Amino acid sequence: MENWGIVGYNWLVQQLQHAVAAGVVAQSLLITGPESIGKHTLALAIAEALLCEAPDPLQRPCGLCSACRRAAAGNHPDLGLVEPETEGRGVKIEQIRDMERFLSLTPNVGAHKITVITDLELMNLNAGNALLKTLEEPPAYAHLILLATDADTLLPTIVSRSQHLPLRPLDDAIIAQALVERWHAGEAEASRLARLSGGRMGWAVRALTDPAHLQEMEAALGQLFALLQMDLPARFELAQTLAQNSGGLSQLLEYWRLGWRDVLMLQQANPQELMFLEQRATLEALASRLDVASTTRMLHLLTEAQANLLRNANTRLLLETLFLDWPELY
Ligand SMILES: [Zn+2]
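**Here's the deal with the domain arrangement of the protein chain**
For interface size, the figure often reported is the accessible area lost on association.
Item 1. Looking at the assigned domains, one finds that the protein chain contains domain 1 (2–166) and domain 2 (215–325).
Item 2. Distance from the C-alpha centre of domain 1 to the C-alpha centre of domain 2: 34 Å.
Item 3. Opposite the 7 residues of domain 1 that make contact, domain 2 presents 6 residues.
Item 4. With both sides pooled, the region where domain 1 packs onto domain 2 buries about 560 Å², and carbon together with sulfur makes up 43% of that total.
Item 5. Sorting the residues of domain 1 by area buried against domain 2 places Glu35, Glu87 and Leu122 first, and these three jointly supply 55% of that buried surface.
Item 6. On inspection of domain 1 and its partner domain 2, the count reaches 0 salt bridges.
Item 7. Our count for the contact surface shared by domain 1 and domain 2 stands at 1 residue pair in polar contact (both at pLDDT 80 or more).

And the structure:
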């Protein structure tokens, strides 16, 4: 499979390919990057490469052997996935203990046993410390692939015991090309989705295949504008509603941040950088009614709110604090 079937990150994939062939893949890998950038896809490709039964190690994963197919279908007995049971919460300590038991038994089929753990940034300290114990002395056949948005919010000892593979946003052109060639999108749609994706391949593919994804983004921008016209009681009521469904909150804050970033681009006479071209008229109206200082402040507050959300802050309070400073334009 060319580049393991992964779009972009060629150099990283080549390195991993050689590590697999030489049998020197680190026992703990930490893949970081924003939501929907492709962390799961890369983790699964690494797992498949380790489990694949193709005779030529440089051809692994082949995508055809029984190990590859079972891994891709999520039923390989030597591959475990540990995800939070509740949306917006981290993996629990009991799940880490189950994972330890899974890794303590030798592989069923091949030479490796692999666990992928997601949303590490949401994990609490107890679970993190339990994980650290496994990282200190993993069985020789065990591999842990840890996924997180940002290494800075994790226990430093977890980061230092892992090989860090950061995934940075891809160029729009690479995403657009892949959407056309591999997902058969039209040229115009591909370039629009690439622009909106913020360099995240997973987001672009999801937006292409599931219209709800784009509707969610449009609704978030609608809310950004609506908030400006709301008085404080109405804003607090919205904060309460949003806090009840905290699962989508991280994506919502990111859409708001990108909306405010567009306002700043217009204020700085940088319209070619606009992400939400379809909302340009409304964004321009906003840009002309506010000054750069208030826009910069909104960006700062949103980044802060995003960081607090990762620290498991009280979501309602977090939104209320944010809405107190949201400009009022009646
Ligand atoms: Zn294979």
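Let's pick the thread back up.
**Things to note about the pairing of strand E2 (residues 79–82)**
Item 1. As paired elements, E2 and strand E3 (residues 113–117) share 4 bridges and run parallel to each other. When the sheet's bridge partners are listed, Leu81 is paired in E3 with Val116.
Item 2. Of the crossover connections in this fold, the one passing from E2 over helix H4 (residues 93–104) to the parallel E3 is right-handed.

**A word on the coordination of the zinc ion**
Item 1. Protein coordination at the zinc ion: the donors are Cys52 (SG), Cys62 (SG), Cys65 (SG) and Cys68 (SG), at 2.3 to 2.4 Å from the metal.
Item 2. Binding-site remark: the zinc ion is held by donors from one chain whose sequence spacing is C-x9-C-x2-C-x2-C.
Item 3. Assessed through its relative accessible area of 15%, Cys65 is described here as buried.

**Focus on unusual backbone geometry**
Item 1. For the peptide bond that leads from Arg60 to Pro61, omega is 0 degrees, which places it in the cis range.
Item 2. Within the secondary structure, Pro61 sits in the loop between helix H2 (39–51) and helix H3 (66–72).
Item 3. Although it is not a glycine, Asp119 adopts a positive phi angle of roughly 50 degrees.
Item 4. Note that Asp119 resides in the loop between E3 and helix H5 (125–136).
Item 5. Residue classification places Asp119 among the partly exposed residues on the basis of a relative accessible area of 28%.

Definitions and limits used
- Residues numbered from 1 in each chain as written.
- Predicted model: local features only at pLDDT ≥ 70, side-chain atom pairs only at ≥ 80, totals over all residues.
- Heavy atoms only, no water.
- Domains from an automatic or database assignment.
- Contact = heavy atoms within 4.5 Å.
- Buried area = accessible area lost by both parts, 1.4 Å probe.
- Salt bridge = Lys/Arg side-chain N within 4 Å of Asp/Glu carboxyl O.
- Polar contact = N/O pair within 3.5 Å; in protein donor to acceptor, adjacent residues only side chain to side chain.
- Pairing = 2+ DSSP bridges.
- Helix = DSSP H or I, 4+ residues; strand = E, 2+ residues; numbered from the N terminus.
- Right-handed = clockwise from strand over helix to strand, strands pointing away.
- Donors = N, O, S within 2.8 Å, 3.2 Å for Na, K, Ca; no water.
- Buried < 20%, exposed > 50% of the residue type's maximum accessible area, 1.4 Å probe, protein only.

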